[in-house]
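Results of the structural survey
If you want the building blocks of each chain, they are given just below.
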Amino acid sequence: MRFRVVEIFQSIEGEGSLIGFPVLFIRLEGCNLRCPWCDTTYSYDGKSYKDYPLDELLNIVKNSNFKRVCLTGGEPLLTPNVEILIEKILSIKDFLIIETNGTVFNKRLKATFEKFKNKIYTVVSPKPEVNYKIHQDIFPFISEIKFVVDEFLTINDILKYSNLYKNLFLILQPESNKEIYLKKALQLQNELLTSHNLEARLIPQCHKLLNLK
Ligand code: SF4
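The following paragraphs examine the structure supplied in this document. (Residues numbered from 1 in each chain as written. Predicted model: local features only at pLDDT ≥ 70, side-chain atom pairs only at ≥ 80, totals over all residues. Heavy atoms only, no water.)

Here the focus is the packing of aromatic side chains. Under the defined criterion, the tally for this structure stands at seven aromatic pairs. A ring pair is formed by Phe-9 and Phe-25, whose centres lie 5.0 Å apart and whose planes are at 15°; its orientation type is stacked. Taken together, the residues span a long stretch of sequence, with Phe-9 in strand 1 (residues 2-12) and Phe-25 in strand 2 (residues 22-28) at a distance of 16 residues. The class for Phe-25 is buried, based on a relative accessible area of 6%. An aromatic cluster is present here, built from Phe-105, Phe-113 and Phe-141 joined pairwise through their rings. In this arrangement the basic side chain of Lys-50 is found over the ring face of Tyr-52, its NZ or CZ atom lying 4.5 Å from the centre. Across from the ring centre of Phe-95, 4.5 Å away, lies the NZ or CZ of Arg-68, which sits over that ring. (Phe/Tyr/Trp six-rings, centres within 6.5 Å; stacked < 30°, edge-to-face > 60°. Helix = DSSP H or I, 4+ residues; strand = E, 2+ residues; numbered from the N terminus. Buried < 20%, exposed > 50% of the residue type's maximum accessible area, 1.4 Å probe, protein only. Lys NZ or Arg CZ within 6 Å of the ring centre and 35° of its normal.)

This paragraph deals with the sheet that holds strand 1. Here nine strands make up an open sheet; going across it, the order is 3-1-2-4-5-6-7-8-9 and the pairing mixed. Among the strands making up the open sheet, the edge pair consists of strand 3 (50-53) and strand 9 (201-202). Sheet topology places strand 4 (residues 68-72) next to strand 5 (residues 95-100); four bridges connect them, and they run parallel. Considered in strand 5, the bridge of Cys-70 is made with Ile-97. (Pairing = 2+ DSSP bridges.)

Here it is, written out as structure tokens:
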């Protein structure tokens, strides 16, 4: 069994509520969306990946002393047999972050997520291209919803999922740390709190501020 991997690197978690933790990132190839501000277009250009045998990938995971692994993309849940990769990684490590746009889910993934509910930290970042749609089967497994605050995001897009916010982190992330979107994020944060009694955390892309990968 082989997997298309664009890059493997060790860094800090640069986004969301786990910011600052050391993480081994595995970026899988392919994405079903084409967001206008995507900063990882190389993850789906069809030429930047290498085929890794499963054993080789697992050896890299085994040989890293980092406690946290992150499967990212692209859209990692599109990868054929990704549920097997998830299970194998979790036989080595106790904490797996999965960064997904939330549009792709199936029965095999559901079974794996159920089995490893306490070990998988699922970050869903809904995207404007699909009107912020999230596959409803992934709802029970979401640890964090992260909205990129860009020209498209509105308060109503965030409120679509207001029934979920009791049990997870709601993050606002200004697109590419731009000042204009920082201001918009502050406004949204204030409106969520004052008009809807919802607390969101405003978190920039820390790795970009620090010039890290
Ligand atoms: S879902 Fe993520 S990887 Fe895919 S195009 Fe959008 S930002 Fe890029």
